[in-house]
Amino acid sequence: MTNINENFLKLQNNYLFSTVRKKVEEYQKQNPTKKIINLGIGDVTLPIPKSVIEAMKNACDEMRDSTTFKGYGPEQGYDFLKEKILQKDYYSRGIKLEKDEIFISDGSKCDTGNISDIFGTNNRVAITDPVYPVYLDSNVMAGRSGEYIEQNGQYEKIVYLPCDCENNFIPELPKTKVDMIYLCYPNNPTGTVLTKAQLQQWVEYAKKTKAVILFDAAYEAYITEPEIPHSIYEIEDAKKVAIEFKSFSKTAGFTGIRCAYTVIPKEVVGYTRNGNEISINALWNRRQCSKFNGVSYITQKGAEAIYTEEGKKEIQKNIHYYLENAKMIKQALENIGFQTYGGVNSPYIWLKTQKQQKSWEFFDELLEKSHIVGTPGSGFGPSGEGYFRLTGFGSRENTINACISMKNMLQ
Ligand code: PLP
């Protein structure tokens, strides 16, 4: 008889996106002539930059020739890409790291999920609420969550850090001791950011309590305000306590190609039950060497190309396009009286519904009156109730039409 990991049975079925799809299909069936605009997209829509395509084509050509052919690469990634990351993403910001502190991977989803492997199951986990679901689900699977409590929509052992308009989306330091802290900035879904001073408090907390911060910076490239940190390592002493996840998905349109990286400074340590310090970098390296065989050479060559002058220009153009869309949506919503958050350093706009309207009720109203699809905030956690997420990832034409349609909604 084969036993299963029963923690998987504690996972709550997240019906969010399938319910959205079903509702939209139903509406379209009832209203076949209506053109529905999807502003719920969490994926990029612009094509891959030319310089990336060219670099990948050249890498393919290298595969033709037995002198340049590449088989298995290093599990941690090729040096040529790590060197570019170090120079352009870190040294340029005054952050000193070494090559063996960078781990190239096939996505931040896998890394933020898999990192849980190397931590003890008795650790207390803190997540912001609302949250990108991977952090929570991977810890439920690992057995750190305890039971799900139907009444409040929370797991008994997870420490939730509510982020809403009451606290200006700034999570408070936990009242109970936690060991693993997931922070995501710029945030998905709220689109909000933390300042250096606010992040400094978390670093201080982690130092004091010997906790580890798992910092997801997947949307770092969308930061427009100069004072907002692009890396947690801009914060003093963060190299002692923080792991950083960065992805080429939203930065360079790699959601389908798949490439990301995780930074684990050698100073970050965890502890055995006896209190002995263990290098987290060494543990992750061991884990990757056992379970991961590296990202394809072709993909890493494509990622390298975004650090060229041409590549940089191309990705900036795409990011600017999505941010312009976000700005238009934000403006349109504010013009009709909605309170909005995000959309400045992020492709996500988080709006507060009016008159205590529930997220799903707002979804129905927006679809009915404006034929626009978005994502109900309650799907991202209990504190997302009464909020709604729209994104700048649609086409310009659809975004403009959606803004006009929203304006008509109240007339
Ligand atoms: N982290 C956050 C906060 C995200 O929103 C996403 C994707 O939507 C990811 C990570 C996933 O990134 P990747 O495509 O590199 O797996």
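Residues numbered from 1 in each chain as written. Predicted model: local features only at pLDDT ≥ 70, side-chain atom pairs only at ≥ 80, totals over all residues. Heavy atoms only, no water.

Colleague: So what about the sheet that holds strand 13 (residues 339–342)? Which residues, and what values?
Modeller: Strands sit in the order 13-14-17-16 across an open sheet of four strands; the sheet is antiparallel. Two strands in the sheet have a free side with no partner beyond their single neighbour: strand 13 and strand 16 (375–376). Packing of helix 12 (residues 359–370) onto the sheet brings it into contact with strand 14 (348–352), strand 16 and strand 17 (387–391), and relative to strand 17 it is tilted by some 45 degrees. (Pairing = 2+ DSSP bridges. Helix = DSSP H or I, 4+ residues; strand = E, 2+ residues; numbered from the N terminus. Contact = heavy atoms within 4.5 Å. Axes fitted to C-alpha atoms, helices over the stretch in contact; angles between N-to-C directions.)

Colleague: So what's going on with the pattern of salt bridges? Which residues, and what values?
Modeller: Within this structure, the stated rule accounts for 25 salt bridges. Between Glu 98 and Lys 266 there is a salt bridge whose closest N-O contact spans 3.0 Å. Taken together, the residues Glu 98 in the loop between helix 3 (79–90) and strand 2 (102–105) and Lys 266 in the loop between strand 10 (260–263) and strand 11 (269–271) connect sequence positions 168 residues apart. For Glu 98, a relative accessible area of 44% puts it in the partly exposed group. Owing to a relative accessible area of 34%, Lys 266 belongs among the partly exposed residues under this scheme. (Salt bridge = Lys/Arg side-chain N within 4 Å of Asp/Glu carboxyl O. Buried < 20%, exposed > 50% of the residue type's maximum accessible area, 1.4 Å probe, protein only.)

Colleague: Tell me about helix 9 (residues 280–291), and name the residues and values.
Modeller: Working note: α-helix, 3.6 residues per turn, so residues spaced by three or four point in the same direction. Helix length check: helix 9, at twelve residues, gives a terminal C-alpha distance of 16 Å against a target of 16 Å (1.5 Å per residue), a fit within 8%. All of the buried residues in helix 9 are Ile 280, Asn 281, Trp 284, Arg 287 and Gln 288. For helix 9, the angular spread of buried residues about the axis comes to 125 degrees, placing them on one side. Residues of helix 9 that are exposed and point more than 90 degrees away from the buried face comprise Arg 286 and Ser 290. Buried residues along helix 9 sit against strand 2, helix 4 (108–114), strand 9 (242–247), strand 11 and strand 12 (277–279). Capping of helix 9 at its N-terminal end is provided by Ser 279; its side-chain oxygen lies 3.3 Å from the backbone amide nitrogen of Asn 281. (Expected span 1.5 Å × (residues − 1). Arc of directions from axis to C-beta. Polar contact = N/O pair within 3.5 Å; in protein donor to acceptor, adjacent residues only side chain to side chain.)

Colleague: So what's going on with the sheet that holds strand 10? Which residues, and what values?
Modeller: If you trace the seven strands from one edge of the open sheet to the other, you get 2-10-9-8-7-3-6, paired in mixed fashion. Of all strands in the sheet, those with a lone pairing partner are strand 2 and strand 6 (159–162), marking the two edges. Across the sheet, the mean angle from the axis of one strand to that of its neighbour is 20 degrees, orientation sign disregarded. As paired strands, strand 2 and strand 10 are joined by four bridges and run antiparallel to one another. Its bridge partner being in strand 10, Ile 102 is matched across the sheet by Val 263. Most of the contacts of helix 3 go to strand 2, to which it runs at about 115 degrees, and overall it touches strand 2, strand 9 and strand 10.

Colleague: With reference to specific residues and values, describe the pairing of strand 17.
Modeller: A large share of strand 17 lies buried, amounting to five of its five residues. Side chains Tyr 387, Arg 389 and Thr 391 of strand 17 all project onto a buried face; the interleaved residues Phe 388 and Leu 390 project onto the opposite face, where all are buried too. Sheet analysis places strand 14 next to strand 17, joined by five bridges and oriented antiparallel. Along strand 17, the bridge assignment pairs Lys 352 with Tyr 387. The sheet contact formed by strand 16 and strand 17 spans two bridges and is antiparallel. Bridged to Pro 376 within strand 17 is Phe 388.

Colleague: For the domain arrangement of the protein, give the residues involved together with the corresponding values.
Modeller: Structurally, the protein comprises domain 1 (6–47 + 312–410) and domain 2 (54–309). Placing the centre of domain 1 and that of domain 2 at their C-alpha centroids yields a distance of 26 Å. Between domain 1 and domain 2, the residue contacts involve 33 residues of the former and 46 residues of the latter. Of all residues in domain 1, Lys 10, Asn 345 and Phe 380 bury the most surface against domain 2, accounting for 20% of the area lost on that side. The tally of links from domain 1 across to domain 2 stands at zero salt bridges. Applying the counting criterion to the domain 1 and domain 2 interface returns 17 residue pairs in polar contact (both at pLDDT 80 or more). Mapped onto the side of domain 1 that touches domain 2, the elements with two or more residues apiece are helix 11 (309–335), strand 13, strand 14 and strand 17. No other element matches the six residues that helix 11 contributes to the side of domain 1 that touches domain 2. Counted by class, the side of domain 1 that touches domain 2 contains 16 nonpolar, eleven polar and six charged residues. (Domains from an automatic or database assignment. Buried area = accessible area lost by both parts, 1.4 Å probe. Nonpolar A, V, L, I, M, F, W, Y, C, P; charged D, E, K, R; others polar.)

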